[in-house]
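Coordinates in review
Letter by letter, the chains look like this.
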Amino acid sequence: FLNETYINKTLKIFVKEENLPNKPAKWNLEDFYYLVTVIQREYPTGALKIINLKTLEDLGNIVGVGDKVHVVEYHPNKRWLYSISRDGYVSKIDLYSLQIVRQIRVGIDSRGLALSYDGKYLLAGNYEPASVVILDSETLIPLKVIFAAGVDPDGNSVRSRVANVYGINKYQLFAINLKEAGQVWFIEQKPPFKVVKTFTVGRILHELNALDKDERYIAVTSQVDNTYTIIDVEKMEIVKVIKTPKKPHPGPGTLDLKYGFWYANSIGEANITVININTLEIAGYIWPNGIDIKKGGGLFSSPIPPTDNVKYIIFDVVFGPYNGTLFIVDREAVVNGKFGTEAVVKVISWKDLGLQKPGRIVHPEYSYDGKYLIISAWDLHKIIILDATVLPEIKILK
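A quick note: this is a predicted structure, and the numbers were derived from the prediction, not measured.

How each quantity is defined
Residues numbered from 1 in each chain as written. Predicted model: local features only at pLDDT ≥ 70, side-chain atom pairs only at ≥ 80, totals over all residues. Heavy atoms only, no water. Helix = DSSP H or I, 4+ residues; strand = E, 2+ residues; numbered from the N terminus. Rg over C-alpha atoms; globule rule 2.2 N^0.38 Å. Buried < 20%, exposed > 50% of the residue type's maximum accessible area, 1.4 Å probe, protein only. Contact = heavy atoms within 4.5 Å. Areas by Shrake-Rupley, 256 points an atom, 1.4 Å probe, with all protein chains shown as cover. Lys, Arg positive; Asp, Glu negative; His and termini not counted. Charge placed at Lys NZ, Arg CZ, Asp CG, Glu CD. Pairing = 2+ DSSP bridges. Axes fitted to C-alpha atoms, helices over the stretch in contact; angles between N-to-C directions. Core = buried A, V, L, I, M, F, W, Y, C linked by side-chain atoms within 4.5 Å. Salt bridge = Lys/Arg side-chain N within 4 Å of Asp/Glu carboxyl O. Polar contact = N/O pair within 3.5 Å; in protein donor to acceptor, adjacent residues only side chain to side chain.

Before going further, it helps to spend a moment on the overall build of the protein. When helices and strands are tallied, the protein shows two helices and 32 strands. Over its C-alpha trace the protein gives a radius of gyration of 21 Å, about what one expects of a compact globule, namely 21 Å for 398 residues. The principal-axis extents of the C-alpha atoms in the protein amount to approximately 55 × 55 × 35 Å. Buried residues in the protein amount to 57% of all 398 residues. Taking contacts inside the protein between residues at least 6 apart in sequence as the whole, the part at least 24 apart equals 45%. Summed over all atoms, the accessible surface of the protein reaches about 16500 Å², with 49% contributed by carbon and sulfur. The centroid of the 47 positive side-chain charges in the protein is displaced by 3 Å from the centroid of its 44 negative side-chain charges.

Put into structure tokens, the structure is as follows:
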């Protein structure tokens, strides 16, 4: 995996694009934004399940995508789905026929995947070998390998795993986090894919998150320094460093453009960091009542759907004795200056979701229209769909 020629030898073509159907077999084109991709981590050869959250139909499985897919990306043409697995397989999937079209192996241990603004290029991030691989999104032919190494905040020269990668559409850049080097690199989204800027921001980097609609401000997570470093992409400068609770893990985070806040979890404690995206200052912190928040936190929160017609944001708690807990935050309460437990309208346990034993409950996501909420009961191998129109009442639909 050290050069484009070797990587290209791993390319497999399962079906030629010209032999694919010209319309979806199991769903209507107007339902595209309701499609949900569910990663089935424990399936022996890797699998993705596609669910239509408009009709609540299970459209079927796509198998053979590699071990523990970590990220999926939808092409802007609404036809292709791309995935990257932890064992380094990038798959191009046809959403019309729900099958793998092409697949290539870019590394031994991989995590991140990002698509360019025009859908022409994919950037895949590797833990091993420490690198990114840029692919033609149509053919999956590798175009460039960039190795990840640098001087860390303590002055050591290190090879570095590539953690989160992100496509910044307006500025036509990829951003990548070098985990051990503590650096963020910005790479042009067109040949020759030049690295145009680097920043050293902290120790053990994880996520990259946009804090505004235009993706001008990017928050970089340092899980050792417990910080978000905010970079102004337009000016290419660091504008703020914000302290967080122990071991921040926003996942995608929740960006509330209507009210001007960004919400983010932490692994070390169930304490949500709320940032005012207009001032780029801490607005406050939110935590669930009735549990010891120092015993462990969460990973994910529910993004606000594009229709922006939901009242609540849902956060998970998956570490420590309160594993299997969700809590519901009222968006308007935060606007009115309520933080701490005052913004929390309900704390939910696994029992409230009709489950017979505790386990990780993660990844709350709204449907496009805000009508449904889908949650993963990870350890129990279940997906739970709730009626989101009656929250905070829990009404299980499927």
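Bringing the pairing of strand E19 (residues 205–210) into the picture now. Taken across its six residues, E19 has six buried, putting it largely inside the fold. Note that E19 and strand E20 (residues 217–222) share four bridges and pair antiparallel. Note that in E20 the partner of Ala-210 across the bridge is Ile-218. Here E19 folds back onto E20 in antiparallel fashion, the turn holding six residues, of which Glu-215 has a positive phi close to 60 degrees.

Ordered by their spatial adjacency, three strands build an open sheet running E27-E28-E29, and the pairing between neighbours is antiparallel. Of all the strands in the sheet, just strand E27 (312–317) and strand E29 (344–348) have a single pairing partner and so form its edges. Taken over all neighbouring pairs, the strand axes of this sheet differ in orientation by 20 degrees on average, direction set aside. Across four bridges, strand E28 (residues 325–330) lies against E29 in antiparallel orientation. Across the sheet, the residue bridging to Leu-326 is Ile-348, located in E29.

With that settled, the discussion passes to the nonpolar core. Ranked by size, the top nonpolar core spans 39 residues in total, and within it Tyr-263, Ile-286, Val-334, Leu-353 and Leu-391 carry the most contacts. Top element by residues in this core is E27. It accounts for five residues. The residues contacting Leu-391, other than those within four sequence positions of it, are Tyr-312, Ile-314, Ile-328, Tyr-366 and Leu-373.

Any two side chains of opposite charge can pair, given that their charged atoms come close. One pass over the structure, following the stated rule, counts 22 salt bridges. We note a salt bridge from Arg-41 to Glu-42, for which the minimum N-O separation is 3.9 Å. On the basis of relative accessible area, Arg-41 is assigned to the partly exposed category, the value being 22%.

Our focus in this paragraph is the sheet that holds strand E10 (residues 121–128). Pairing in this open sheet of four strands is antiparallel, and the strands run E9-E10-E11-E12 from one edge to the other. In this open sheet, the two strands that pair with only one neighbour each are strand E9 (109–115) and strand E12 (142–147). Sheet twist, expressed as the mean angle between neighbouring strand axes with direction ignored, is 20 degrees. Across five bridges, strand E11 (residues 131–136) lies against E12 in antiparallel orientation. Residue pairing in the sheet places Val-133 in a bridge with Val-145 of E12.

Looking at the element boundaries, Ser-222 is found in strand E20. Here Arg-203 takes part through its backbone oxygen, which lies 2.8 Å from a polar atom of the side chain of Ser-222. When residues no more than four places from it in sequence are discounted, the contact partners of Ser-222 are Gly-202, Arg-203, Ile-204, Leu-205, Thr-227 and Pro-248.

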